[in-house]
Amino acid sequence: MHHVYSIIILSIICHCLACQDPPLEPPKNSQGTTVINTAGQPFTESGTEMFGGDSTTLAGEEMMAGDEAIFAGSEVVGGSPQPELDMTPIPESDMAPPPEPDMAPPPEPDMAPPPELDMTPPIEIPESCNGPLDLPTPNCRPDPLPSTGDLYEDCVRRINQLRTECQCLPPLERWPEGESCADQQAEYDAMTNQAHSGFRAGICSPSGRGQNECPGYQSNQQVISLCLQQMWDEGPGEPFIEHGHYINMTNPSHNRVACGFFTTEQGQVWAIQNFSQ
């Protein structure tokens, strides 16, 4: 009986060995993408015969079977560890909040009305005058008055200085309503390079009934100190074209004067004096 059992057991073992699958071998010519660790860093090799690998295998080299491959996602991954975040607290001085904006309301604008122009003639007739002189004092060239800081006022004062000190004539009033038009005429004449062209063309109003002009002077101060004196020096006489500036400055029908100024890009000053009743 023992022999019978032995024969039966041996037959069963042989049958099992005949039915066992062949031993596992690496697949040949396998295609696909495998992420491995090469030289300490993850590496992706696509379309290459892969049998495994180690951390020093270069891309494209055949990896020998039996070597341990390190796949992405495994517990052990090659490469240097990531540096830890610097958790050092920031000093409080660096965390100070920015200064709050100044929320104080802006100062209220000064709504006070501008001071009224002093229309009182600054030049008085000298006590030595017993009335207007028939002719101006010869070679009368008074030094210009100190500037008031107002170019238009300085212009009027200089005209009145010549009138009173040189011929005992009453001073003219400043005519502020005509100053804007005088400025426009000075600019117009500078652009056309022709004196009195704006007056003749009637480009603005009021422009008065008589006009003197200083064309292309070097500065505003030269207009005040030099040009007005040159006009006065023409004196009375005929023809009008040779004495007209003086005649306008002394015409008894004129009671007011408005000055105007314009400076070109080249620094030339065109200045106008419009006379009115």
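Structure's up top.
Throughout, residues of each chain are indexed from 1 in the direction in which the sequence is written. Local features in this predicted model are restricted to residues of pLDDT 70 or higher, and side-chain atom pairs are both shown and tallied only at a pLDDT of 80 or more, whereas totals for entire chains, interfaces and linings draw on every residue. With hydrogens and water excluded, all non-hydrogen atoms of the structure serve as input to the side-chain values.

Re helix α5 (residues 220-232)
- Spanning 13 residues, α5 covers 18 Å between terminal C-alpha atoms, matching the ideal 18 Å at 1.5 Å per step.
- At every residue, the bend is computed as the angle between two fitted axes, covering the seven residues ending there and the seven beginning there respectively. Labels follow the DSSP assignment, with helices taken as runs of H or I lasting at least four residues and strands as runs of E lasting at least two, numbered in each case from the N terminus. Along its length, α5 shows its largest kink, about 30°, at Leu 226.
- Turning to α5, its buried residues are Val 223, Ile 224, Cys 227, Leu 228, Gln 229, Met 231 and Trp 232. Multiplying one less than the number of residues by 1.5 Å gives the expected span of a helix. Burial status follows relative accessibility: with a 1.4 Å probe on protein chains alone, a residue under 20% of its type maximum counts as buried, one over 50% as exposed, and anything between as partly exposed.

Re unusual backbone geometry
- Pro 206 follows Ser 205 through a cis peptide bond whose omega is 0°.
- Tracing the chain through its elements places Pro 206 in the loop between α4 (197-201) and β4 (210-217).
- Of the consecutive residues Glu 238 and Pro 239, the connecting peptide bond is found in the cis state with omega at 0°.
- Tracing the sequence through the fold places Pro 239 in the loop between α5 and α6 (240-250).
- Within the chain, Asn 139 stands out as a residue other than glycine whose phi angle is a positive 50°.
- Secondary-structure assignment places Asn 139 in the loop between β2 (41-46) and α2 (151-167).
- At Cys 168, a residue that is not glycine, the phi angle is positive and equals roughly 55°.
- Assignment of secondary structure puts Cys 168 in the loop between α2 and β3 (173-174).

Let's talk about the nonpolar core
- Counting residues in hydrophobic clusters, the biggest one holds 24 residues, and the most contacted among them are Cys 155, Ile 159, Cys 214, Val 223, Trp 232, Met 249 and Phe 261.
- If you list the elements that add at least two residues to this core, you get α2, β4, α5, α6, β5 (256-263) and β6 (269-276).
- No other element matches α5, which puts 6 residues into this core.
- Working rule for contacts: check all heavy atoms of both residues, and any pair within 4.5 Å makes them a contact. Ignoring sequence-local partners within four residues, the contact set of Phe 261 consists of Leu 151, Tyr 152, Cys 155, Asp 183, Ala 186, Asn 220, Val 223, Ile 224, Val 269, Trp 270 and Ala 271.
- Ala 182, Ala 186, Phe 262 and Ile 272 belong to the second largest nonpolar core, which has 6 residues in total. By nonpolar core is meant a set of buried Ala, Val, Leu, Ile, Met, Phe, Trp, Tyr and Cys residues that side-chain atoms within 4.5 Å join together.

Considering the pairing of β5
- Among the 8 residues that make up β5, 6 are buried, leaving the element largely enclosed by the rest of the structure.
- Any two strands with at least two DSSP-identified bridges between them are counted as paired. Here β3 runs beside β5; their pairing, made up of 2 bridges, is parallel. Along β5, the bridge assignment pairs Glu 173 with Arg 256.

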